[in-house]
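Analysis of the macromolecular model
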Amino acid sequence: MNILVMGAGSIGSLFGGLLSLDNDVTLIGRKPHMKKIEEKGLKIVGKTDVVVYPKVACNPREIKLEPDVILLTVKSYDTERAICDIKDLITEGTMIMSLQNGLDNLEKILSHVKKENVVAAVTTEAAMLLEPGVVEHTGKGKTVLGHLGDDAKKVKPIVDTFNRAGLRSTISTNIQRDIWRKAIVNSCINPVTAIFGIRNGKILESETLQDLVERVCKESTSVANSMGMNFDLSEMKEEVFRVIRDTANNYSSMVQSLRRKSRTEIDSINGYICNTGKKNGVDVTLNELLTKFIKIMEVYK
Ligand SMILES: NC(=O)c1ccc[n+]([C@@H]2O[C@H](COP(=O)([O-])OP(=O)(O)OC[C@H]3O[C@@H](n4cnc5c(N)ncnc54)[C@H](OP(=O)(O)O)[C@@H]3O)[C@@H](O)[C@H]2O)c1
């Protein structure tokens, strides 16, 4: 399969790197990382230990390709720009696959690409770019994929390709619900850990933080249900606390972004939940407050 990875940072380098063992993969990313990969290959460490040699470029306009699949792995605030950059490489048969977190990526993609060409994915694989040329596979997980035109046949070859590369994957029966489920979990854990600069597991040491997380979960779940997602609140709370326990030693991506003094994905998670809640008449007081706190922290970082 001919695969292009748009935004090869942490997760894009992991997926693109593993897929390059058995496929023709081109990574598009920032110059220092791409240059190192060109010189020495991409080193994957941690849960996987391998050096791979995908093709690289810094700008999609530099390359001539007809990719079967384009993995979109930029942060959600870069989605619009990235889609415009790759537009000319999209042919009738190209599948654009978002591996991103956040609730607004598909809307942005669909404003440029037909839904027949779009696949959404939710993954619990985890990765971190350690230095140019080196990515750590920090957690092994699972990936679910769903075609936005509801044509499972279009996703099956991608699922098979992922599984052959060791990326455990299945076809989702309701990808929108899977996206909301992950966003609810992120809406509870990310801003709370980012505001206090703590590891996920610290939440379990404070009754006050646990109470806050439960209340955010209730709000976010109500918003998701106002969109027809039909989540059971007690199951959702269980899921949030299971993720906190499973990732107790990790700093959430929002903590890491603020530490690097870069933007967070707050607008695509809690911000999106706020806007949706307001449209649908659901109370979003806590999501609004958390969004504002993080926006202030982004400015005064
Ligand atoms: N990391 C994980 O474990 C993980 C797991 C599941 C889902 N996700 C989701 O996947 C998405 C990506 O996360 P990530 O952690 O991989 O982010 P990341 O490490 O920041 O990777 C994105 C990369 O894309 C680059 N980029 C952005 N626009 C570009 C452009 N136009 N051309 C070339 N390169 C461009 C970024 O460079 P700059 O930083 O210089 O802009 C960055 O190197 C997010 O939505 C995240 O929530 C991540």
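Residues numbered from 1 in each chain as written. Predicted model: local features only at pLDDT ≥ 70, side-chain atom pairs only at ≥ 80, totals over all residues. Heavy atoms only, no water.

Looking now at the packing of aromatic side chains. All told, the structure shown has two aromatic pairs when counted by the stated rule. For the pair Trp 180 and Tyr 272, a centre-to-centre distance of 6.3 Å together with 65 degrees between the ring planes defines the contact as edge-to-face. Of this pair, Trp 180 sits in helix 6 (residues 175-196) while Tyr 272 sits in helix 10 (residues 270-279), and the two are 92 residues apart along the sequence. By the burial criterion, Trp 180 is buried, and Tyr 272 matches it. Over the ring of Tyr 251 we find Arg 259; its NZ or CZ atom is 4.1 Å from the centre of that ring. (Phe/Tyr/Trp six-rings, centres within 6.5 Å; stacked < 30°, edge-to-face > 60°. Helix = DSSP H or I, 4+ residues; strand = E, 2+ residues; numbered from the N terminus. Buried < 20%, exposed > 50% of the residue type's maximum accessible area, 1.4 Å probe, protein only. Lys NZ or Arg CZ within 6 Å of the ring centre and 35° of its normal.)

Relative orientation of the contacting elements helix 6 and helix 7 (residues 207-226) amounts to 145 degrees, with a least axis distance of 9 Å. Our pair here, helix 6 against helix 7, has a crossing hand that is right-handed. Across the interface between the two elements, Trp 180, Ile 184, Ser 187, Cys 188, Val 192 and Phe 196 of helix 6 pack against Leu 209, Leu 212, Val 213, Val 216, Cys 217, Ser 220, Thr 221, Val 223 and Ala 224 of helix 7. A per-class count over the contact of helix 6 with helix 7 returns twelve nonpolar, three polar and no charged. (Axes fitted to C-alpha atoms, helices over the stretch in contact; angles between N-to-C directions. Left-handed = near helix turned anticlockwise from the far one by under 90°. Contact = heavy atoms within 4.5 Å. Nonpolar A, V, L, I, M, F, W, Y, C, P; charged D, E, K, R; others polar.)

The tally for this structure, following the rule as stated, stands at 19 salt bridges. Residues Asp 246 and Arg 242 are paired through a salt bridge, measuring 3.0 Å at the closest nitrogen-oxygen approach. Of this pair, Asp 246 and Arg 242 both sit in helix 8 (residues 233-246), four residues apart, roughly one helical turn. Judged by relative accessible area, which is 57%, Asp 246 ranks as exposed. In this structure Arg 242 comes out as partly exposed when scored by relative accessible area, which is 37%. (Salt bridge = Lys/Arg side-chain N within 4 Å of Asp/Glu carboxyl O.)

One way to put it is that helix 6 packs onto helix 10 with a least axis distance of 9 Å and a crossing angle of 115 degrees. For the element pair helix 6 / helix 10, the angle class is roughly perpendicular. When helix 6 is examined against helix 10, the residues Trp 180, Ala 183, Ser 187 and Pro 191 are found in contact with a partner set consisting of Asn 270, Tyr 272, Ile 273 and Thr 276. Partitioned by chemical class, the residues of the contact of helix 6 with helix 10 number five nonpolar, three polar and no charged. (Parallel < 35°, antiparallel > 145°, perpendicular 65-115°, else oblique.)

The next thing to look at is the domain arrangement of the protein. One can read the domain layout of the protein as domain 1 (2-173) and domain 2 (177-299). Each of domain 1 and domain 2 was reduced to a C-alpha centroid, and the two centroids are 25 Å apart. Taken together, the contact pairs 15 residues of domain 1 with 17 residues of domain 2. At the boundary of domain 1 with domain 2, total buried surface from both sides reaches about 1,500 Å², with 56% on carbon and sulfur atoms. (Domains from an automatic or database assignment. Buried area = accessible area lost by both parts, 1.4 Å probe.)

Take the environment of Leu 14 next. Structurally, Leu 14 is set in helix 1 (residues 10-19). For the pair Leu 14 and Thr 138, spaced 124 residues apart in sequence, the C-alpha separation works out to 10.0 Å. Residues in contact with Leu 14, not counting those within four places in the same chain, are Ile 44, Glu 125, Ala 126, Ala 127, Val 135 and His 137.

Okay, helix 2 (residues 31-40) next. Those residues of helix 2 not exposed but buried are His 33, Met 34 and Ile 37. The buried residues of helix 2 all sit within an arc of 95 degrees when viewed along its axis, so they share a single face. Among the exposed residues of helix 2, those oriented more than 90 degrees off its buried face are Lys 31, Pro 32, Glu 38, Glu 39 and Lys 40. Packing partners of the buried residues in helix 2 comprise helix 1, strand 2 (24-28), strand 3 (42-46), strand 5 (55-57), strand 9 (126-131) and strand 10 (134-139). Gly 41 lies just past helix 2 and shows a positive phi near 85 degrees. (Arc of directions from axis to C-beta.)

The next thing to look at is a nonpolar patch on the surface. Taken together, the side chains of Leu 289, Phe 293, Ile 296, Val 299 and Tyr 300 make up a nonpolar region of the molecular surface, amounting to roughly 570 Å² of accessible area. Within the fold, Tyr 300 resides in the segment after helix 11 (285-299). (Patch = residues over 30% accessible without salt bridge, like charges linked within 9 Å, V, L, I, M, F, W, Y side chains within 5 Å. Areas by Shrake-Rupley, 256 points an atom, 1.4 Å probe, with all protein chains shown as cover.)

Quick look at unusual backbone geometry now. Located in the positive-phi region is Asn 230, a residue other than glycine, with phi close to 60 degrees. Mapping Asn 230 onto the fold places it in the loop between helix 7 and helix 8. We note that Lys 261 has phi near 60 degrees; this positive angle belongs to a residue other than glycine. Since its relative accessible area comes to 52%, Lys 261 is described here as exposed.

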